[in-house]
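# Working through the structure, step by step
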Amino acid sequence: MTIAAHPLVARARRIANELLIPAAERVDQEGVPAGHIEAIKDSGLLGVGAPVAYGGSAAPAAVVRRTAEILAGACCSTWFVQTQHHTPVLTLARSEHPVRERLLGPLSRGELLSGVAYAHLRAHPRTPVRVTRERGGWRFTGTVPWYTGWGLNDVMLLAGVTDADEALFAFAEAREQAGLRASPPMRLAALTASRTVSLELTGLWLPEESVALRMPYPRWAATDRPKTLNTSPAVFGLAESALALLDERTAGPLRARLSEVRGRAYALADRPVAHGDPKDRLAVRAEAYELLRTATTAAVVAGGGRAMSLASPAQRLAREALFLLVQGQTVESRRAHLDALTTTTP
C-alpha cells in the first residue's frame, strides 16, 4: 500500500479539504472550534502512532509524517492543538506505571484529547516547575509558560523537576482546580487560535497513580534531544500549501527543492541520533526553514495587495511560518539556525 492510499492519510485529506481549509481564515481569527477537534477524534488520527492493542493504528513513520503535513498545511492552529496529543500517547506506550492502563486506551481511541506542559524542562538548570513528594503523591509549584489547547483538551501531561533532579511527568485534568489557574488566552502574531495560555501552579497535588514517567533529568534530556534536531513535518505541509497558491512557473522549481530537502530530512529522522551527526540534522532543518520562508514570501508577492487582507491564505501561511521558526526551539537549534542565516557563500 502506498502512503497516499493509507486510510489515515485519506481521512486526513478528507478532513483537510472538507473542514479545515474552507474555515482556515475564520479559525485563524476566532479560534479552533470544538467541532474541528471532534472530527479529528472521530477520524482515528489521534491514535495514528498508538499501539494496536489499545485501539491505535501503530502506523509507519511515513504515514504519521504525511498526516501531520496535511493537517498543518490545511489549518496550522488545528494541527498544533492535536499534535500535542501524540507525546502523551507515546509516553504512556513506553510507561510501566499504572496510569498506562487507565488512559492509554481512551487516548489511543480518540475518546480523550491530551495537551502537554513540559517544554519548560528544556530550560534546565532553571526549573520553572518544581515537584515535591507529599502525602503519597506529588505537589507541583511554578509557572508553565506555554500550554496549548486550553478549553479543548480533556487531560494534560504535566512535567516538573524533583528535588533529586528527576524529570517527573503526571496526568492532570485540563481545567482550573485547586493549585492550577490559567491565564487569559494569549494574543500571538500567529496561532492565537490555538488557545494557548500560561499556567500558574500554586501547589497542585497529583496522586502517585497519575505519574507516567520519572527518571533522572540527564537521561530524559538525552531522549528529548532528537525532537529538537529533526525537521517538523509541519514545515513541509505549510510550504506545500504556499506553493499551491503560485503558478507552475514559480512553484515548479521550489517544489523540486522542497521534495529533495524533505527526503534528506526524513532519511535523517529515521536514523538513530548516534548514527548521524546532529549538525547534519540542524543544517537540514535550517534549509527547510529557508525554503518555507521562500515559499510563503512568494505566495504573498504573488497575491499582491490582496495578500494583506485577513481573508487571504497567503498572509496566514506567512505568519504561521514565523511560528514554526521558533516552535520547539532550544539554545542549540537557535544557534544553528542563526549561524545558517549569517553564513555567506563566497
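See the structure printed just above.
Residues numbered from 1 in each chain as written. Predicted model: local features only at pLDDT ≥ 70, side-chain atom pairs only at ≥ 80, totals over all residues. Heavy atoms only, no water.

## Remarks on empty space enclosed by the protein
According to the stated counting rule, one finds one cavity of 30 Å³ or more in the structure shown. Here the largest cavity is characterised by a volume of approximately 30 Å³. When residues of the lining of the largest cavity are traced back to their parent elements, those giving at least two are α9 (248–269) and α10 (278–303). Residues of the lining of the largest cavity, tallied by class, amount to four nonpolar, two polar and one charged. (1 Å grid on protein atoms, 1.4 Å probe; cavity = no way out; pocket = protein on both sides within 12 Å on 5 of 7 lines; lining within 4 Å. Points joined across faces, edges and corners; volume = space filled by probe spheres on them. Helix = DSSP H or I, 4+ residues; strand = E, 2+ residues; numbered from the N terminus. Nonpolar A, V, L, I, M, F, W, Y, C, P; charged D, E, K, R; others polar.)

## So, the packing of helix α8 (residues 233–243) against helix α11 (residues 313–326)
The N-to-C vectors of α8 and α11 enclose an angle of 165 degrees; their axes lie 10 Å apart at closest approach. Looking at the two axes, α8 sits roughly antiparallel to α11. Two packed elements cross with a definite hand, and for α8 against α11 that hand is left-handed. The segment α8 lies against α11, with Ala234, Val235, Leu238, Ser241 and Ala242 engaging Leu317, Glu320, Ala321 and Leu324. Considering only residue class, the contact of α8 with α11 consists of seven nonpolar, one polar and one charged. (Axes fitted to C-alpha atoms, helices over the stretch in contact; angles between N-to-C directions. Parallel < 35°, antiparallel > 145°, perpendicular 65-115°, else oblique. Left-handed = near helix turned anticlockwise from the far one by under 90°. Contact = heavy atoms within 4.5 Å.)

## Description of the pairing of strand β3 (residues 137–148)
Examined bridge by bridge, strand β2 (residues 129–134) and β3 share six bridges and lie antiparallel to one another. What sits directly across from valine 131, in β3, is phenylalanine 140. Counted along the chain from β2 to the antiparallel partner β3, the turn is two residues long, and its residue arginine 135 has a positive phi close to 50 degrees. Pairing between β3 and strand β7 (residues 196–207): ten bridges, direction antiparallel. Counted as the bridge partner of glycine 137 is proline 207 from β7. (Pairing = 2+ DSSP bridges.)

## Section: the layout of surface pockets
If you add up the space inside the second largest pocket, you get close to 240 Å³. As for the second largest pocket, its lining consists of 18 residues, and the residues nearest its centre are Ile21, Gly73, Ala74, Gly237 and Ser241. When residues of the lining of the second largest pocket are traced back to their parent elements, those giving at least two are α1 (7–30), α3 (61–74), α8 and α11. Classifying every residue of the lining of the second largest pocket by side-chain character gives nine nonpolar, three polar and six charged.

## Thoughts on the pairing of β7
One face of the sheet, then the other: side chains in a regular strand alternate in exactly this way. Here strand β6 (residues 180–182) pairs with β7 via three bridges, running antiparallel. Following the sheet pairing, alanine 182 is matched in β7 by leucine 199.

## A word on the nonpolar core
In this structure, Trp79 and Leu324 are the most contacted members of the largest nonpolar core, which totals 60 residues. Among the secondary structure elements, those contributing two or more residues to this core are α1, α2 (34–43), α3, α4 (76–83), α8, α9, α10 and α11. Leucine 324 has contacts with Cys76, Trp79, Ala234, Val235, Leu238, Tyr289 and Leu292, leaving out every residue within four places of it along the chain. With 23 residues, the next largest nonpolar core counts Leu107, Leu157, Val161 and Leu213 among its residues. (Core = buried A, V, L, I, M, F, W, Y, C linked by side-chain atoms within 4.5 Å. Buried < 20%, exposed > 50% of the residue type's maximum accessible area, 1.4 Å probe, protein only.)

## With respect to helix α7 (residues 217–229)
Spanning 13 residues, α7 covers 19 Å between terminal C-alpha atoms, matching the ideal 18 Å at 1.5 Å per step. Bending of α7 peaks at approximately 30 degrees at the position of threonine 223, with proline proline 226 no more than four residues after it. Looking at α7, one finds that the buried residues are Tyr217, Trp220, Asp224, Thr228 and Leu229. Summarising the contacts, the buried residues of α7 are in contact with β5 (166–173), β8 (211–216), α10 and α12 (331–342). (Expected span 1.5 Å × (residues − 1). Bend = angle between axes of the 7 residues up to and from the residue.)

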